[in-house]
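Topology and contacts: notes
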Amino acid sequence: MKLGARIFKTGIAIILALLLAQLLQVPSPVFAGIAAIFAIQPTIYRSYLSIIEQVQGNLIGAIIAIIFVIMLGNNVLIIGLAAIIVITINLKLKIGNTIALSLVTLIVIMETPGDEFIHFAIIRFSTIMLGILSSFIVNLVFLPPKYENKLYNKVSDVTEEINRWIRYSIRHASEHKLLKHDIVKMKDEIIKLDQLFLMYMEERNYFKKIDLVKSRKLVVYRQMISTSKRALDVLRRLHRYENELNQLPLEFQNVVQLQLDYLINYHEQMLLKFIGKIRTCPNPETQDQTLSKQELFDQFLAQHKGLEDPHSPILFHSMQIIASIIEYREQIEHLETLISSFQSFHKEENEVIVAEE
């Protein structure tokens, strides 16, 4: 099991919450530690949003608890009814993430002895808010990981895996069932890419110039992810329509192989160009051997003129492969445009750290 930054931050937040509660001589400091667990977040921005939601959720739990105890008492059935109402209100206000801590606040307050109920309710509520505040402090002090580095390295790793399988597939070297399993895994990795992109997008900068650079980087990274998705789409169609592609003339299969080899190389070079590893575009000699999008499509249509059945599924299925290749190329070309534009204005402002093996 890999220990991440969030695990350490959670532990530190619990320690801080308990220490503050003991320093302030708050009764039952354990509730501060419990609250700290719920409030820890991976980014400062999410922590800011979380503390607002947690305050709202805990106010709801505390108010409902006080009202129910005063009006109906604290019978276990009453507590259950109050919990249902708290959950309903949180969902209506679209702060479902706070339900767990709201219920903790509700139960803690409603189980408080009756003589000094209001006084103890305020103390319990303050103790829980102390835990939330401790988590917020930890999120501010212990800066989150640099999500740009994680995002780029993830894009690079996922793209490398997809491209490797494309090379195997176009040469009929892949094992069908194994590739099917790995395509599912790669889809999951793409979902993680989208999540990392959101994390990076939520990182806040405090200087206007840096914000401008980041806004342009966001466009580039969004296109990187889109291009990787198109590469996965090519792989998926190669896998699904493998038999149809094999029934095309060998000469055209070689054309498709050459086209994909060129695009894979082109894609990899764009990723390296973004971090300044290379300056060159795809090899002009290789580029001369490939076809334009129109030429590729025309050659594809020419393969089907001699078909006895013009409605053969081979035509429609193999057309999907060619269409995905053309779209993949368009995405890479757009990525190159964005990277070139970014580097023309911010050539020295790319600080991506490539993961070392």
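Residues numbered from 1 in each chain as written. Predicted model: local features only at pLDDT ≥ 70, side-chain atom pairs only at ≥ 80, totals over all residues. Heavy atoms only, no water.

1. As for the overall build of the protein
- When helices and strands are tallied, the protein shows 14 helices and 0 strands.
- Secondary structure of the protein in N-to-C order comes out as α-α-α-α-α-α-α-α-α-α-α-α-α-α.
- The buried share of the protein, taken over its 357 residues, is 44%.
- For the protein, the share of sequence-separated contacts (at least 6 apart) that also reach a separation of at least 24 residues comes to 80%.
- If you sum the accessible surface of the protein, you get close to 19500 Å²; carbon and sulfur atoms cover 61% of it. (Helix = DSSP H or I, 4+ residues; strand = E, 2+ residues; numbered from the N terminus. Buried < 20%, exposed > 50% of the residue type's maximum accessible area, 1.4 Å probe, protein only. Contact = heavy atoms within 4.5 Å. Areas by Shrake-Rupley, 256 points an atom, 1.4 Å probe, with all protein chains shown as cover.)

2. Describing unusual backbone geometry
- A positive phi angle, close to 60°, is found at K94, a residue other than glycine.
- By the element assignment, K94 lies in the loop between α4 (76–92) and α5 (99–110).
- Judged by relative accessible area, K94 falls into the exposed class, the value being 74%.

3. Examining α4
- Over its 17 residues, α4 runs 25 Å from end to end, which matches the ideal 24 Å to within 8%, given 1.5 Å per residue.
- For α4, the complete set of buried residues consists of I78, I79, A82, A83, V86 and N90. Along the axis of α4, the buried residues cluster in a sector spanning 140°; they form a single face. Facing away from the buried side of α4 by more than 90 degrees, the exposed set consists of L77, I84, L91 and K92.
- Measuring from the backbone nitrogen of L77 back to the side-chain oxygen at the start of α4 gives 2.8 Å, which picks out N75 as the cap.
- In the segment just after α4, K94 is the residue with positive phi, at about 60°. (Expected span 1.5 Å × (residues − 1). Arc of directions from axis to C-beta. Polar contact = N/O pair within 3.5 Å; in protein donor to acceptor, adjacent residues only side chain to side chain.)

4. So, empty space enclosed by the protein
- Within this structure, the stated rule accounts for 1 cavity of 30 Å³ or more.
- Approximately 60 Å³ is the volume attributed to the largest cavity.
- Lining of the largest cavity is provided by S169, H172, S174, H176, L179, L238, H239, E242 and L245.
- Only α8 (176–202), α9 (208–240) and α10 (242–246) provide two or more residues apiece to the lining of the largest cavity.
- Considering only residue class, the lining of the largest cavity consists of 3 nonpolar, 5 polar and 1 charged. (1 Å grid on protein atoms, 1.4 Å probe; cavity = no way out; pocket = protein on both sides within 12 Å on 5 of 7 lines; lining within 4 Å. Points joined across faces, edges and corners; volume = space filled by probe spheres on them. Nonpolar A, V, L, I, M, F, W, Y, C, P; charged D, E, K, R; others polar.)

5. Details of α5
- Under the 1.5 Å per step criterion, the end-to-end length of α5 is 16 Å for 12 residues, consistent within 8% with the ideal 16 Å.
- For α5, the full list of buried residues reads I99, L101, S102, T105, L106, V108, I109 and M110.

6. Focus on the side chain of S135
- Mapped onto the elements of the fold, S135 is located in helix α6 (residues 117–141).
- When neighbours within four sequence positions are excluded, S135 is seen to be in contact with A13, A36, A39 and I40.

7. Side note on the environment of S341
- Mapped onto the elements, S341 comes out in helix α14 (residues 313–345).
- Placed 125 residues apart in sequence, S341 and R216 show a C-alpha to C-alpha distance of 9.3 Å.

8. Let's talk about the packing of helix α7 (residues 147–170) against helix α11 (residues 250–274)
- Running from N to C, α7 and α11 point in directions that differ by 165°, and their axes come no closer than 10 Å. Relative to α11, α7 is oriented roughly antiparallel. Like other packed secondary-structure pairs, α7 and α11 cross with a definite hand, here left-handed. Only V256, Q257, L260, D261, I264, H267, E268, L271, L272 and F274 of α11 make contact with α7, whose side of the interface consists of Y152, V155, S156, T159, N163, I166, R167 and I170. (Axes fitted to C-alpha atoms, helices over the stretch in contact; angles between N-to-C directions. Parallel < 35°, antiparallel > 145°, perpendicular 65-115°, else oblique. Left-handed = near helix turned anticlockwise from the far one by under 90°.)

9. Points about the nonpolar core
- If you look at the biggest cluster of nonpolar residues, it comprises 55 residues, and the most contacted ones within it are L151, M224, L235 and F274.
- Beyond its immediate stretch of four places on either side in the chain, M224 contacts Y152, V155, L271, F274 and L335.
- If you look at the next biggest cluster of nonpolar residues, it comprises 28 residues, including F68, A82, L106 and F136. (Core = buried A, V, L, I, M, F, W, Y, C linked by side-chain atoms within 4.5 Å.)

10. What about a nonpolar patch on the surface?
- The grouping of L59, I63, I67, I70, M71, L72, I118 and I122 at the surface amounts to a nonpolar patch, some 780 Å² of accessible area in total.
- The set of elements that each furnish at least two residues to the nonpolar patch consists of α3 (44–72) and α6.
- When residues in the nonpolar patch are grouped by element, the largest group, 6 residues, is from α3.
- Mapping L59 onto the fold places it in helix α3.
- Among the residues examined, L59 registers a relative accessible area of 38% and is labelled partly exposed. (Patch = residues over 30% accessible without salt bridge, like charges linked within 9 Å, V, L, I, M, F, W, Y side chains within 5 Å. Salt bridge = Lys/Arg side-chain N within 4 Å of Asp/Glu carboxyl O.)

11. Here's the deal with the packing of aromatic side chains
- All chains considered together, the criterion is met by 6 aromatic pairs.
- A centroid spacing of 5.5 Å and a plane angle of 80° characterise the contact between Y200 and Y221, whose relative ring orientation is edge-to-face. Of this pair, Y200 sits in helix α8 while Y221 sits in helix α9, placing them 21 residues apart in sequence. Grouping residues by exposure puts Y200 and Y221 together as buried. (Phe/Tyr/Trp six-rings, centres within 6.5 Å; stacked < 30°, edge-to-face > 60°.)

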